[in-house]
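Secondary and tertiary structure notes
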Amino acid sequence: MSDSCRLPLFADCREVDDSIKCPGDSGYSVIPLFGKRVRVRKDSAPIRLMGCLDELSNIANNARLNFSGNAVGELASIVMALAMQLNAYLVQGSDDRLNKVRSIEDLLMDRIMDLCRGFKGGPLGWVIATTPELQILDTLRVKLRECGRIASSMLEEYSLSVNVISVMNHADKLVAQAMYCLGGKVFRSVDDAVNYLLGSTTNENRFISK
């Protein structure tokens, strides 16, 4: 490669025969997972889970920046911190790191309990976001659930993934609860929700199977 224009190298990349070679170029990666080094395909569940947590962190950071100073921004900051600590737990697998994950999980629960204090409740069912703030919470909920499903697929091979599953499952339900408390529109049935969504476009319910 020309000395006048060199590509930046990651720490684990190297120059070979005048080209850049990086781990993973063969379709496999050697990664630290729960405190051990393992060789996995780049489309394996551990790699997909790490990527899902990166995406969750990215979505949460966008929400944190766009809604700073209100409850949604604060919740997004906590979810981002949770995603970062979970990724670190995937790498280390230590009890100390898990305790840090659990402390953030507890903080998320405390904040949502504060947020919902005095909430009288109402009918349970389908909840639809009615503001941009609630929509970003719903996006966080969906991504939390997706990451939890990927973690579930690791359970037979990596027993410590049960800790990730429990945290993701709890967090996604807490964020859903926040949507109720912050005024998400609740419907008793999917048909009620669909009628609401189509009400602005048609006065007929011809799309609905009675």
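Let me begin by describing the structure that accompanies this report. (Residues numbered from 1 in each chain as written. Predicted model: local features only at pLDDT ≥ 70, side-chain atom pairs only at ≥ 80, totals over all residues. Heavy atoms only, no water.)

Take the overall build of the protein next. What the protein contains, in helices and strands, is 6 helices and 6 strands. For the protein, the α and β elements follow one another from N to C terminus as β-β-β-β-α-α-α-β-α-α-β-α. (Helix = DSSP H or I, 4+ residues; strand = E, 2+ residues; numbered from the N terminus.)

A complete count under the given rule lists 2 aromatic pairs for this structure. With a centroid separation of 5.7 Å and 65° between ring planes, the pair formed by Phe-34 and Tyr-89 is classed as edge-to-face. With Phe-34 in the loop between strand S3 (28–33) and strand S4 (36–41) and Tyr-89 in helix H2 (residues 71–92), the pair connects residues that are 55 residues apart, well separated along the chain. Of the two residues, Phe-34 and Tyr-89, both sit in the buried class. Arranged with centres 5.0 Å apart and planes meeting at 40°, the rings of Phe-187 and Tyr-196 form a pair that is tilted. Residue classification places Phe-187 among the buried residues on the basis of a relative accessible area of 9%. Over the ring of Tyr-28 we find Arg-39, and its NZ or CZ is 4.1 Å from the ring centre. (Phe/Tyr/Trp six-rings, centres within 6.5 Å; stacked < 30°, edge-to-face > 60°. Buried < 20%, exposed > 50% of the residue type's maximum accessible area, 1.4 Å probe, protein only. Lys NZ or Arg CZ within 6 Å of the ring centre and 35° of its normal.)

Glancing now at the side chain of Arg-97. Among the structural elements, Arg-97 can be located in helix H3 (residues 95–116). One buried charged residue, Arg-97, forms no salt bridge at all, with the nearest opposite charge on Asp-96 at 5.7 Å. Of the polar contacts made by the side chain of Arg-97, one reaches the side chain of Gln-85; its length is 2.7 Å. Once you skip the residues sitting within four places of it in the chain, Arg-97 turns out to touch Gln-85, Ala-88, Tyr-89 and Gln-92. (Lys, Arg positive; Asp, Glu negative; His and termini not counted. Salt bridge = Lys/Arg side-chain N within 4 Å of Asp/Glu carboxyl O. Polar contact = N/O pair within 3.5 Å; in protein donor to acceptor, adjacent residues only side chain to side chain. Contact = heavy atoms within 4.5 Å.)

Residues Leu-49, Leu-53 and Leu-137 are the most contacted members of the largest nonpolar core, which totals 52 residues. When contributions to this core are tallied by element, the ones reaching two or more residues are S3, S4, helix H1 (45–66), H2, H3, helix H4 (132–152) and helix H5 (161–181). Sort the elements by how many residues they give to this core and H2 lands first, with 11 residues. Residues within four places of Leu-53 in sequence aside, it is in contact with Ala-83, Leu-86, Asn-87, Leu-90, Cys-147 and Met-168. (Core = buried A, V, L, I, M, F, W, Y, C linked by side-chain atoms within 4.5 Å.)

On to the pattern of salt bridges. Within this structure, the stated rule accounts for 9 salt bridges. A salt bridge links Arg-117 to Asp-114; the nearest nitrogen and oxygen atoms lie 2.9 Å apart. The class for Arg-117 is exposed, based on a relative accessible area of 61%. Judged by relative accessible area, which is 40%, Asp-114 ranks as partly exposed. Sharing partners across several salt bridges, the network here consists of Glu-55, Lys-143 and Glu-146.

This brings us to the state of the cysteines. Evaluation of the coordinates by the stated rule reveals 2 disulfides. A sulfur-sulfur distance of 2.2 Å marks the disulfide that ties Cys-52 to Cys-147. When the S-S torsion is -100°, as for the bridge of Cys-52 with Cys-147, the disulfide is left-handed. Of this pair, Cys-52 sits in helix H1 while Cys-147 sits in helix H4, placing them 95 residues apart in sequence. In this structure, Cys-52 and Cys-147 share a single accessibility class: buried. (Disulfide = S-S within 2.5 Å.)

This part takes up H2. Helix length check: H2 (22 residues) gives 32 Å between terminal C-alpha atoms against 32 Å at 1.5 Å per residue, within 8%. Regarding H2, its N-cap is Asn-70, as a side-chain oxygen of that residue lies 3.1 Å from the backbone nitrogen of Val-72 further along. The first or second residue beyond H2 is Gly-93, which carries a positive phi of 65°. (Expected span 1.5 Å × (residues − 1).)

Because an α-helix completes one turn every 3.6 residues, residues spaced three or four positions apart along the sequence face the same direction. Taking 1.5 Å per residue as the helical rise, H1 with its 22 residues ought to reach 32 Å, and the 31 Å between its terminal C-alpha atoms agrees with that figure. Within H1, the full set of buried residues consists of Ala-45, Pro-46, Leu-49, Met-50, Cys-52, Leu-53, Leu-56, Ser-57, Ala-60 and Ala-63. For H1, the angular spread of buried residues about the axis comes to 155°, placing them on one side. For H1, the exposed residues lying more than 90 degrees away from the buried face are Asn-58, Leu-65 and Asn-66. (Arc of directions from axis to C-beta.)

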